[in-house]
Amino acid sequence: MNRINTVGIIGSGTMGNGIAQACATSGIRVVMVDIAQAAVDKGMATVAGSLDRLIKKEKITAADKGKALALIQGSTNYDDLKGAQLVIEAATENEGLKVKILQQLDSLLAPEVIVATNTSSISITKLAAATQRPDRFIGMHFFNPVPMMALVEIIRGLQTSDATHDTVKALAEALGKSPITVKNAPGFVVNRILVPMINEAFFVLAEGIATPEDIDAGMKLGTNQPIGPLALADMIGLDVCLAVMNVYIAEFNDSKYRPAPLLKEMVAAGYLGRKTGRGVYTY
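Quick caveat: nothing in here was measured; it's all calculated off a predicted structure.

1. Considerations on the overall build of the chain
When helices and strands are tallied, the chain shows 11 helices and eight strands. In terms of overall dimensions, the chain has C-alpha extents of about 60 × 45 × 35 Å along its principal axes. Relative to its 283 residues, the chain shows a buried fraction of 45%. Within the chain, counting contacts between residues at least 6 apart in sequence, those at least 24 apart form 66% of the total. Accessible surface for the chain amounts to roughly 13,600 Å². Of this, 55% is attributable to carbon and sulfur atoms.

This is the structure we're talking about:
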């Protein structure tokens, strides 16, 4: 099993820069690549700001921040990824784009390099089949905010080798994360259970069983969740929740995954949650 000391990351957005921070604070070198220099700069600034907040909370020192930032190299050039033993693709959730990036990596990276994708919804088996290293391809689904959230879903495609799985699991543990191993399936584990729960909350709301506030209070107090399902839907985006349910009903062909009519109606109205100022609640 190879020890990973340099990680390449494609994408410097929310997930990409969060993964970069998690690696760098664990002493792992990072090359973070994005198409535009402005995006790279924004990603680096986000990491610096996040580390500043940790200094304020006395979780790390200013010296720790300096050390971490020195380990992150921002770049717009794919060639800079050549020294990495693992490259994590954290681009936008778009299958065509991901396939294009993965094929670009194939021609650039040595055959033994592992490639991982941080997808939350696209089939790992399907993406692996688009690469020339299907046995060295795996899903690493981090949760947002990456520096704070302990969970990583490690998703095995049909082709993923044991050695690849073990190396990536060891890396997740080296980052201080608590990984779980998951077989490739729509939604993996967490979203497969979470989004239908949110969908069910919309059925309960539409039936007038309780107010949104009481539904959320019930789930928070009764199941010890930090946020109720309707407030969570507003945070995720009602359009995103609906898109996930549509994937499940298409993939499983099982009526238990039918999207709640109220959820569809609210999305049609443009009430998408926090990002539009109005969802179940008004912001």
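Continuing now.
2. Some remarks on the pattern of salt bridges
Between side chains of opposite charge, pairing is possible as soon as their charged atoms come close. Applying the stated criterion across every chain, the model contains eight salt bridges. Lysine 126 is the salt-bridge partner of glutamate 95, the closest N and O atoms lying 3.3 Å from each other. Taken together, the residues glutamate 95 in helix α4 (residues 95-108) and lysine 126 in helix α5 (residues 124-129) connect sequence positions 31 residues apart. Since its relative accessible area comes to 32%, glutamate 95 is described here as partly exposed. According to the relative accessible area criterion, lysine 126 is exposed, its value standing at 51%.

3. Some thoughts on unusual backbone geometry
Cis geometry is found at the peptide bond from asparagine 144 to proline 145, where omega equals -5 degrees. One non-glycine residue, glutamate 58, lies in the positive phi region at around 60 degrees. Looking at the secondary structure, you find glutamate 58 in the loop between α2 (37-56) and α3 (62-70).

4. Looking at the packing of aromatic side chains
On inspection of all chains with the given rule, the structure shows three aromatic pairs. Ring centres of tyrosine 248 and tyrosine 257 lie 5.6 Å apart, and the angle between their planes is 70 degrees; on these two criteria the pair is classed as edge-to-face. Classification of tyrosine 257 as buried rests on a relative accessible area of 5%. Linked through ring pairs, Tyr248, Phe252 and Tyr257 together constitute an aromatic cluster.

5. Re the packing of helix α8 (residues 212-223) against helix α9 (residues 229-236)
Taken N-terminus to C-terminus, the directions of α8 and α9 make an angle of 105 degrees; their axes are 7 Å apart at the nearest point. Between α8 and α9, the angle falls in the class roughly perpendicular. Side by side, α8 and α9 meet where Pro212, Ile215, Asp216 and Met219 of the first sit next to Pro229, Leu230 and Ala231 of the second. Along the lines of polarity and charge, the residues of the contact of α8 with α9 split into six nonpolar, no polar and one charged.

6. A word on the UniProt feature "domain: 3-hydroxyacyl-CoA dehydrogenase NAD binding" (unreviewed entry) in the chain
Sequence positions flagged by UniProt for "domain: 3-hydroxyacyl-CoA dehydrogenase NAD binding" (unreviewed entry) are, in local numbering, residues 6-184. The distance separating the terminal C-alpha atoms of residues 6-184 is 26 Å; by composition the span is 41% helix and 22% strand.

7. Some points on the environment of asparagine 199
Following the sequence through the fold, asparagine 199 ends up in helix α7 (residues 190-206). Setting aside chain neighbours within four positions, we find asparagine 199 in contact with Met245, Arg258, Pro259, Ala260 and Leu263.

8. Observations regarding the UniProt feature "domain: 3-hydroxyacyl-CoA dehydrogenase C-terminal" (unreviewed entry) in the chain
Feature annotation in UniProt places "domain: 3-hydroxyacyl-CoA dehydrogenase C-terminal" (unreviewed entry) on residues 187-283, given in this structure's numbering. The span residues 187-283 is 63% helix and 0% strand, and its two end C-alpha atoms sit 29 Å from each other.

9. Re the nonpolar core
One broad trend across soluble globular proteins is that nonpolar side chains are buried collectively. Grouped together as the largest cluster of nonpolar side chains are 33 residues, with contacts concentrated most on Val7, Ile19, Leu86, Ile88, Met140, Phe142 and Leu171. The greatest single-element share of this core, amounting to six residues, is contributed by helix α1 (residues 14-24). In contact with phenylalanine 142, not counting residues within four places along its chain, are Met15, Ile19, Ile88, Asn118, Leu151, Val152 and Leu175. With 24 residues, the next largest nonpolar core counts Leu205, Leu238, Ala260 and Tyr281 among its residues.

Rules used in this analysis
Residues numbered from 1 in each chain as written. Predicted model: local features only at pLDDT ≥ 70, side-chain atom pairs only at ≥ 80, totals over all residues. Heavy atoms only, no water. Helix = DSSP H or I, 4+ residues; strand = E, 2+ residues; numbered from the N terminus. Buried < 20%, exposed > 50% of the residue type's maximum accessible area, 1.4 Å probe, protein only. Contact = heavy atoms within 4.5 Å. Areas by Shrake-Rupley, 256 points an atom, 1.4 Å probe, with all protein chains shown as cover. Salt bridge = Lys/Arg side-chain N within 4 Å of Asp/Glu carboxyl O. Phe/Tyr/Trp six-rings, centres within 6.5 Å; stacked < 30°, edge-to-face > 60°. Axes fitted to C-alpha atoms, helices over the stretch in contact; angles between N-to-C directions. Parallel < 35°, antiparallel > 145°, perpendicular 65-115°, else oblique. Nonpolar A, V, L, I, M, F, W, Y, C, P; charged D, E, K, R; others polar. UniProt positions renumbered as here; feature names shortened; annotations may be inferred. Core = buried A, V, L, I, M, F, W, Y, C linked by side-chain atoms within 4.5 Å.

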